[in-house]
Amino acid sequence: MSKEKTEAELLKEKLCLKKDHFDERFGEETAKADEFCAGYMEFLGTAKTERECNAYIIEKAKKNGFTAFDRTKSYKPSDKVYYDNRGKAVILAVMGKKGVTEGAKIVASHIDSPRLDLKPTPLYEDNELAYFKTHYYGGLRKYQWGAIPLSLHGVLVRSDGTSITVSLGEKPGEPKFVVTDLLPHLAKEQSKRTLSEGLKGEELNILIGSRPFKSDSGSELVKLNILKLLNEKYGIIEEDFISAELELVPAFTVDSVGFDESLIGGYGHDDRVCAYPAFEALFSLTDAPEHTAVAVLADKEEIGSDGNTGLNSSYLKYFIADLAALDNMEGRHALSKSECLSADVNAGFDPTFASVHDKNNAAFLNHGVVVTKYTGARGKSGTSDASAEFVGKVRKILNDASVCWQTGEMGKVDEGGGGTVAMYIANLDVNVVDLGVPVLSMHSPYEIVAKADVYSTYRACEAFYKSI
Ligand code: MN
Ligand code: MN
């Protein structure tokens, strides 16, 4: 026997903002979300650096019928192309019925994550132990990177110009690396440091060996032994580290978290958790979309998007200009009419640290993809504040497609802040709004997301690509 709703209940239903939990309104899609996330977890565990993501995405794109973009060719609706920016960033596009004459639908995410990079002269020996010196990349909390297993990834270019790709510490049986930390027994002074100095930048030294080269005498024989092993394995000498990009990342596996397995724990959700939905939604387009659909998988977001593989450079602008030339129009006219979802993660509400959030304006796990009108810090500095009109349009797209979504700000006013690629794309005269997955422990070696939110982000990208 159902009780009749009171007048207040009816009015609430009509007027108040609904904060839907995924399971309430979209519960029947849970199996689909789990299935989608199985693919995502495989990707996250396989591609742990921007270069590995680039290779993974291009290989998968080729399997889905994408070919290398050639601006001298002509393309027809539903043709699929990819643009490889120096092995570290990718643009994928599916040609629309109208090309870019009325603009493109762009989803931009990034495939770099916070990590420890090797310095140009990294190798040294100290008291019979061998180490690599590092320089951290991105906004990481240094104290979190001690005493956890790390793996080494990247490339070295040798003096003859040939290069070698390295991935060591991921497969079972492979050696791992580590930043050591003090034992509590002797950490009395270290424990008085502020958290941000728990481990200092110059203390993020990677332990890489301890066995000396067998010899009657000599100094630095542990270092020499490491060089000998590296020379045997990779054919490199010490100078080759100068022309290298070697990155240490957590050697953790990607797994479901919780008895209910509703969450995913892993390294680098930021921002592969948006990149994966962005390219998978593009791959899923079976018919030509109305407008050319573009997925941008960028590098360098974590250090401010500068550099020629970051979105503060011109490669997206040039790519859209090349598409526009195919339609006999100026690139800037195509950009002015283009629309973009800046797909990046946001802070999920963490009950343990509730005080940093404004609960009315925070994003909650399992409440779907987060639409964020502006990011930035202090008085909205360093952001693209999306227009009411464009947020209204995106809101309608999501509602019409029955996507589970919510809105959320990155913490309380003046609590801190952060930026995304949104402003760099907005500065090209494109309509942009931020959208993405809420994350717990963001930028830590082991970040947490909810499967329902990853799937909702996929549904959002799909609806946006298809929008008019
Ligand atoms: Mn990000
Ligand atoms: Mn980030």
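Residues numbered from 1 in each chain as written. Chains lettered and ligands numbered in written order. Predicted model: local features only at pLDDT ≥ 70, side-chain atom pairs only at ≥ 80, totals over all residues. Heavy atoms only, no water.

Enquirer: How do you make sense of the nonpolar core when you look at a structure like this?
Expert: Burial of nonpolar side chains together is a common tendency in soluble globular proteins. Ranked by size, the top nonpolar core spans 64 residues in total, and within it Leu92, Phe279, Leu282, Leu297 and Tyr465 carry the most contacts. Non-local contacts of Leu282, meaning those with residues more than four positions away in its chain, are made with Phe66, Leu92, Ala93, Val94, Ala293, Val294, Ala295 and Tyr465. Counting residues in hydrophobic clusters, the runner-up holds 31 residues, among them Val166, Leu227, Ile236 and Leu246. (Core = buried A, V, L, I, M, F, W, Y, C linked by side-chain atoms within 4.5 Å. Buried < 20%, exposed > 50% of the residue type's maximum accessible area, 1.4 Å probe, protein only. Contact = heavy atoms within 4.5 Å.)

Enquirer: How do you make sense of the state of the cysteines when you look at a structure like this?
Expert: Each disulfide consists of a covalent bond between the sulfur atoms of two cysteine residues. Applying the stated criterion across every chain yields a total of 0 disulfides. Cys53 takes part in no disulfide bond, and the closest cysteine sulfur to it belongs to Cys274, at a distance of 13 Å. Owing to a relative accessible area of 0%, Cys53 belongs among the buried residues under this scheme. Left unpaired, Cys340 is separated from the closest cysteine sulfur, that of Cys461, by 10 Å. (Disulfide = S-S within 2.5 Å.)

Enquirer: Explain empty space enclosed by the protein here, please?
Expert: Empty space among the atoms becomes visible once a probe the size of a water molecule is rolled across them. Under the counting rule described, the total for this entry stands at 1 cavity of 30 Å³ or more. Reported here for the largest cavity is a volume of approximately 30 Å³. If you trace the largest cavity, you find it lined by Phe22, Phe26, Glu29, Ser402, Val403, Cys404, Tyr455, Ser456 and Arg459. Taken together, the elements giving at least two residues each to the lining of the largest cavity come down to α2 (22-26) and α11 (451-466). When residues in the lining of the largest cavity are grouped by element, the largest group, 3 residues, is from α11. Classifying every residue of the lining of the largest cavity by side-chain character gives 5 nonpolar, 2 polar and 2 charged. (1 Å grid on protein atoms, 1.4 Å probe; cavity = no way out; pocket = protein on both sides within 12 Å on 5 of 7 lines; lining within 4 Å. Points joined across faces, edges and corners; volume = space filled by probe spheres on them. Helix = DSSP H or I, 4+ residues; strand = E, 2+ residues; numbered from the N terminus. Nonpolar A, V, L, I, M, F, W, Y, C, P; charged D, E, K, R; others polar.)

Enquirer: Would you take a moment to explain the domain arrangement of the chain for this structure?
Expert: Taken domain by domain, the chain comprises domain 1 (16-113 + 267-466) and domain 2 (115-250). The C-alpha centroid of domain 2 is placed 33 Å from the C-alpha centroid of domain 1. Counting residues at the interface gives 16 residues for domain 1 and 16 residues for domain 2. The junction of domain 1 with domain 2 conceals about 1400 Å² of combined surface from both sides, 49% of it contributed by carbon and sulfur atoms. Run the count over domain 1 and domain 2 and you get 4 salt bridges. The salt bridge partner of Arg115 is Glu50, with a shortest N-O separation of 3.2 Å. Summed over the shared surface of domain 1 and domain 2, the number is 9 residue pairs in polar contact (both at pLDDT 80 or more). Residue composition of the side of domain 1 that touches domain 2, grouped by class: 3 nonpolar, 4 polar and 9 charged. (Domains from an automatic or database assignment. Buried area = accessible area lost by both parts, 1.4 Å probe. Salt bridge = Lys/Arg side-chain N within 4 Å of Asp/Glu carboxyl O. Polar contact = N/O pair within 3.5 Å; in protein donor to acceptor, adjacent residues only side chain to side chain.)

Enquirer: Mind showing me how you'd approach the side chain of Ser305 here?
Expert: Secondary-structure assignment places Ser305 in the loop between β14 (293-298) and α7 (315-326). A residue is classified by how much of its surface remains accessible, and Ser305, at 1% relative accessible area, is buried. In contact with Ser305, other than residues within four places in its own chain, are Lys300, Gly310, Leu311, Asn312, Ser313, Val421 and Tyr424.

Enquirer: Is there a simple way to explain the coordination of the manganese ion (ligand 1) in this structure?
Expert: A metal bound by six donors in octahedral fashion has ideal angles of 90 or 180 degrees, whereas one bound by four tetrahedral donors has an ideal angle of 109.5 degrees. Those protein atoms acting as donors to the manganese ion (ligand 1) are His110 (NE2), Asp270 (OD), Asp344 (OD) and Asp344 (OD), and they sit at 2.1 to 2.6 Å. All donors of the manganese ion (ligand 1) come from a single chain, and their spacing in sequence reads H-x159-D-x73-D. Here the manganese ion (ligand 1) and the manganese ion (ligand 2) are spaced 3.3 Å apart, and both take Asp270 as a donor. Note that His110 is positioned in strand β4 (residues 105-110) and Asp344 in the loop between β15 (339-343) and β16 (346-347), a separation of 234 residues in sequence. (Donors = N, O, S within 2.8 Å, 3.2 Å for Na, K, Ca; no water.)

Enquirer: So what exactly am I meant to see when it comes to helix α9 (residues 388-400) here?
Expert: An α-helix turns once per 3.6 residues; consequently, residues spaced three or four apart project the same way. Relative to the 18 Å expected for 13 residues at 1.5 Å per residue, α9 spans 18 Å between its end C-alpha atoms, a close match to the ideal helical length. Buried-residue contacts for α9 involve β15, β17 (369-372), β19 (405-407), β21 (431-436) and α11. One or two residues past the end of α9 sits Ser402, with phi positive at roughly 50 degrees. (Expected span 1.5 Å × (residues − 1).)

Enquirer: Looking at this structure, how should I read the coordination of the manganese ion (ligand 2)?
Expert: Looking at the manganese ion (ligand 2), the protein donor atoms are Asp270 (OD), Glu302 (OE), Glu302 (OE) and His443 (NE2), and they sit 2.0 to 2.6 Å from it. Going along the chain, you hit the donors of the manganese ion (ligand 2) in the pattern D-x31-E-x140-H.

Enquirer: Would you mind going over the sheet that holds strand β12 (residues 255-257) with me for this structure?
Expert: Backbone hydrogen bonds are what pair the strands of a sheet, in a parallel or an antiparallel way. In space, the 3 strands of this open sheet follow the order β12-β13-β23, with antiparallel pairing throughout. Only two strands of the sheet have a single partner each, and these edge strands are β12 and β23 (447-450). On average, adjacent strands in this sheet sit at an angle of 35 degrees to one another, irrespective of strand direction. Where strand β13 (residues 263-266) and β23 come together, 4 bridges link them in antiparallel fashion. Opposite Gly266, over in β23, you have Glu447 as the bridge partner. Strands in contact with helix α6 (residues 269-283) are β13 and β23; relative to β23, the strand with the most contacts, it is inclined by about 30 degrees. Seen against the sheet, α11 touches β12, β13 and β23 and runs at an angle of roughly 70 degrees to β23. (Pairing = 2+ DSSP bridges. Axes fitted to C-alpha atoms, helices over the stretch in contact; angles between N-to-C directions.)

Enquirer: Help me out: how do you make sense of the sheet that holds strand β5 (residues 115-126) in this one?
Expert: Strand order in the open sheet made by the 7 strands is β8-β7-β11-β5-β6-β10-β9, with antiparallel pairing throughout. Edge strands, defined here as strands with exactly one partner in the open sheet, are β8 (163-168) and β9 (178-179). When strand β7 (residues 150-157) meets β8, the two strands line up antiparallel, connected through 6 bridges. Bridging from a neighbouring strand, Gly154 pairs with Val166 of β8.

Enquirer: Looking at this structure, how should I read the layout of surface pockets?
Expert: Approximately 1000 Å³ is the volume attributed to the largest pocket. Forming the boundary of the largest pocket are 37 residues, of which Ala347, Met410, Ser441, Met442 and His443 lie nearest the centre. Of all elements in the fold, only β16, β17, β20 (417-418) and β21 reach the threshold of two or more residues within the lining of the largest pocket. Examining the composition of the lining of the largest pocket, we find that 3 residues originate from one element, β21, more than from any other. Counted by class, the lining of the largest pocket contains 11 nonpolar, 18 polar and 8 charged residues. Space inside the second largest pocket adds up to approximately 520 Å³. Around the second largest pocket sit 21 residues that line it, and Leu17, Lys18, Trp405, Gln406 and Thr407 are the ones nearest its centre.

Enquirer: Would you mind going over unusual backbone geometry with me for this structure?
Expert: Working note: non-glycine residues mostly have negative phi, and peptide bonds are mostly trans. At the junction of Asp270 and Asp271, the peptide bond is cis and its omega measures out at 10 degrees in the coordinates. Along the polypeptide, Asp271 turns up in helix α6. In this structure, Lys300 is a non-glycine residue whose phi angle is positive, near 70 degrees. As for its placement among the helices and strands, Lys300 is situated in the loop between β14 and α7. A residue is classified by how much of its surface remains accessible, and Lys300, at 13% relative accessible area, is buried. Positioned with a positive phi, Ser402 is a non-glycine residue whose angle comes to about 50 degrees.

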